[in-house]
Amino acid sequence: MAPAGDNVVVSKMKLERMLSMKGGRGEASYVNNSQAQAQHARSMLHLLRETLDGVRLSPPHDFPFVVADLGCSCGSNTIYMVDVIIKHMTKRYEAAGCDPPEFSAFFSDLPSNDFNTLFQLLPPYGGLSMEECLASNTHRSYFAAGVPGSFYYRLFPAKSVDVFYSAFSLHWLSQVPDVVLDKRSTAYNKGRIFIHGASESTANAYKKQFQSDLAGFLRSRSKEMKTGGSMFLVCLGRTCSDPTDQGGAGLLFGTHFQDAWDDLVQEGLITSEKRDNFNIPVYAPSLEDFKEVVEADGSFIINKLEVFRGGSPLVVNHPDDAAEIGRALANSCRSVSGVLVDAHIGDQLSDELFSRVAMRATCHAKELLEQLQFFHIVASLSLA
């Protein structure tokens with residue numbers, strides 16, 4: 001018989017108080033498993049710079065130029081991207097014959113994010129002048145602050161932010177839809193921990209939650225953005241119109257990860273009910289899913305909206321080493337979902353789960369490298 005345990009059921013908690021990428025600097029931490037996100041983000045820099053070229057240059061001495069990264073997590077990727085944004089805007093000011101303003105950067109994520117690790121990675125503010133800061137590789141040229149809170153609600157004062165940037169975060173829902181965990185509902189996701197391959201009712205519940213969340217995000221940003229500001233958004237997406245086919249996210253969470261949960265049930269380590277009470281709160285939208293919400297909200301003009309092929313989430317040194325690929329998949333899963341898994345079944349069973357993910361992925365290493373590809377929705381928006 002599976003142990004009853006005294007672990008927390010994730011669905012009964014406030015998700016925004018506990019969801020985070022895995023903190024610290026361990027083997028399965030986000031810091032050590034976000035190289036793919038870095039590669040994907042850098043491959044989109046030309047699209048980001050197009051967005052920044054549309055930002056209005058405010059008089060440099062009136063107010064600081066404010067950048068906010070929403071869903072910053074705890075690795076160095078956010079620091080790199082903020083640096084790119086500020087250096088690009090500085091060049092624009094200089095090209096216009098203006099002295100650059102002072103810059104402020106806000107790093108925002110849920111309260112459970114490992115802000116300590118992030119701030120330890122942050123270079124010190126230094127230099128007597130903006131020019132000295134910009135010329136330095138060891139100092140930052142902006143003032144920095146952390147902003148804890150959900151980006152589905154207000155985070156900043158009205159008309160206070162010039163550029164919003166958010167990458168690889170908006171596919172995380174504010175909650176698992178209640179009906180997905182309700183045995184009486186046709187949307188009950190029995191036997192599954194993700195919507196990949198689930199019923200149409202389950203997928204539609206996830207879609208409805210995503211669109212409701214995105215609408216809240218847009219309403220909040222429309223109040224916080226300065227006139228002439230812009231927003232650059234990237235989230236997991238899919239190319240198929242069917243929401244039960246979650247593309248790369250489906251392969252990440254809906255195959256070997258799913259099978260590892262089934263292993264724990266079959267081995268009597270957890271009950272099937274324990275498994276069924278866990279669902280990954282992720283939805284990879286289609287282009288149309290995203291566009292519907294932006295147009296219905298009406299606060300923003302779509303400057304660009306496209307599906308971008310990001311590539312594999314697996315970064316390995318030896319592509320012929322099946323065991324390394326297996327560990328990479330397990331660590332990739334654990335870095336983004338491990339906090340939720342730990343809360344649901346405890347650390348010990350979490351270790352068991354992810355070791356099984358690694359073993360299963362090792363047996364399918366070649367096909368994982370060939371088939372596991374992420375597509376992203378990329379959106380450039382400005383106030384209507």
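Nothing here was measured: the structure is a model prediction, and the numbers come from that model.

(A) Seen up close, the overall build of the protein. Helix and strand content of the protein: 13 helices and seven strands. For the protein, with 384 residues in total, the buried portion stands at 57%. Residue pairs in contact within the protein that sit at least 24 positions apart in sequence constitute 82% of those at least 6 positions apart. Surface accessibility of the protein: about 16300 Å² in total, with carbon and sulfur atoms responsible for 50%.

(B) Empty space enclosed by the protein, seen in detail. Within the structure shown, the criterion is met by two cavities of 30 Å³ or more. As a volume, the second largest cavity reaches approximately 30 Å³. Only β4 (161–167) and β5 (225–237) provide two or more residues apiece to the lining of the second largest cavity. Per-class residue counts for the lining of the second largest cavity are nine nonpolar, no polar and no charged.

(C) Main features of the packing of helix α6 (residues 200–224) against helix α10 (residues 287–297). Following both chains from N to C, one finds α6 and α10 inclined at 40°, their axes separated by 9 Å at the closest point. In terms of axis orientation, α6 runs oblique to α10. Crossing handedness for the pair α6 and α10: right-handed. Touching K207, F210, Q211, L214, A215, L218 and R219 of α6 are D289, F290, E292, V293, V294 and D297, all from α10. Its residues assigned to classes, the contact of α6 with α10 comprises seven nonpolar, one polar and five charged.

(D) The nonpolar core, seen in detail. Residues F217, L218, M231, F257, W261, I280 and F290 are the most contacted members of the largest nonpolar core, which totals 76 residues. Sorting elements by how many residues they give to this core places helix α11 (residues 322–345) first, with nine residues. By size, the runner-up hydrophobic cluster in this structure holds 33 residues, among which are L47, V67, A105 and V163.

(E) Here's a closer look at the pairing of strand β7 (residues 374–383). A large share of β7 lies buried, amounting to eight of its ten residues. Bridge count between β5 and β7: eight bridges; the pairing is antiparallel. Looking at the pairing, G237 lines up with F375 of β7. Here ten bridges tie strand β6 (residues 300–311) to β7, and the two strands are oriented antiparallel to one another. The partner of E306 across the bridge, within β7, is V378.

(F) Representation of the environment of H61 within the structure. Relative to the assigned elements, H61 resides in the loop between α2 (45–53) and β1 (65–70). Among the residues examined, H61 registers a relative accessible area of 67% and is labelled exposed. Each C-alpha atom, one on H61 and one on E102, is 8.1 Å from the other, the two residues being 41 residues apart in sequence.

(G) Representation of the sheet that holds β7 in the model. With mixed pairing, the seven strands of this open sheet are ordered in space as β3-β2-β1-β4-β5-β7-β6. Strands with a single pairing partner mark the edges of an open sheet, and in this sheet they are β3 (143–148) and β6. Strand-to-strand, the axes of this sheet are offset by a mean angle of 15°, without reference to chain direction. The sheet contacts of helix α3 (residues 77–95) involve β1, β2 (103–109) and β4, and relative to β2 the element is tilted by about 150°. α10 rests against β5, β6 and β7 of the sheet, and its axis sits at about 165° to β6.

(H) Seen up close, the packing of α2 against α3. Viewed as axis vectors pointing N to C, α2 and α3 meet at an angle of 45°, and their least axial separation amounts to 10 Å. Judged on the interaxial angle alone, α3 and α2 are oblique. Handedness of the α2/α3 crossing: right-handed. Within the contact between the two elements, α2 uses L45, L48, R49, L52 and D53 and α3 uses Y80, M81, V84, I85, H88, M89 and R92. Of the residues contributing to the contact of α2 with α3, the split by class is eight nonpolar, one polar and three charged.

(I) Quick look at helix α12 (residues 347–363). With 17 residues, α12 should reach 24 Å at 1.5 Å per residue; the first-to-last C-alpha distance of 25 Å fits that figure. Buried within α12 we find L349, S350, L353, F354, R356, V357, A358 and A361. For α12, the elements touching its buried residues are α8 (256–266), α11 and α13 (365–371).

(J) Just unusual backbone geometry, in detail. Positive phi outside glycine occurs at K159, with the angle close to 50°. Here K159 is to be found in the loop between β3 and β4. Even without being glycine, F168 reaches a positive phi, approximately 60°.

Rules used in this analysis
Residues numbered from 1 in each chain as written. Predicted model: local features only at pLDDT ≥ 70, side-chain atom pairs only at ≥ 80, totals over all residues. Heavy atoms only, no water. Helix = DSSP H or I, 4+ residues; strand = E, 2+ residues; numbered from the N terminus. Buried < 20%, exposed > 50% of the residue type's maximum accessible area, 1.4 Å probe, protein only. Contact = heavy atoms within 4.5 Å. Areas by Shrake-Rupley, 256 points an atom, 1.4 Å probe, with all protein chains shown as cover. 1 Å grid on protein atoms, 1.4 Å probe; cavity = no way out; pocket = protein on both sides within 12 Å on 5 of 7 lines; lining within 4 Å. Points joined across faces, edges and corners; volume = space filled by probe spheres on them. Nonpolar A, V, L, I, M, F, W, Y, C, P; charged D, E, K, R; others polar. Axes fitted to C-alpha atoms, helices over the stretch in contact; angles between N-to-C directions. Parallel < 35°, antiparallel > 145°, perpendicular 65-115°, else oblique. Left-handed = near helix turned anticlockwise from the far one by under 90°. Core = buried A, V, L, I, M, F, W, Y, C linked by side-chain atoms within 4.5 Å. Pairing = 2+ DSSP bridges. Expected span 1.5 Å × (residues − 1).

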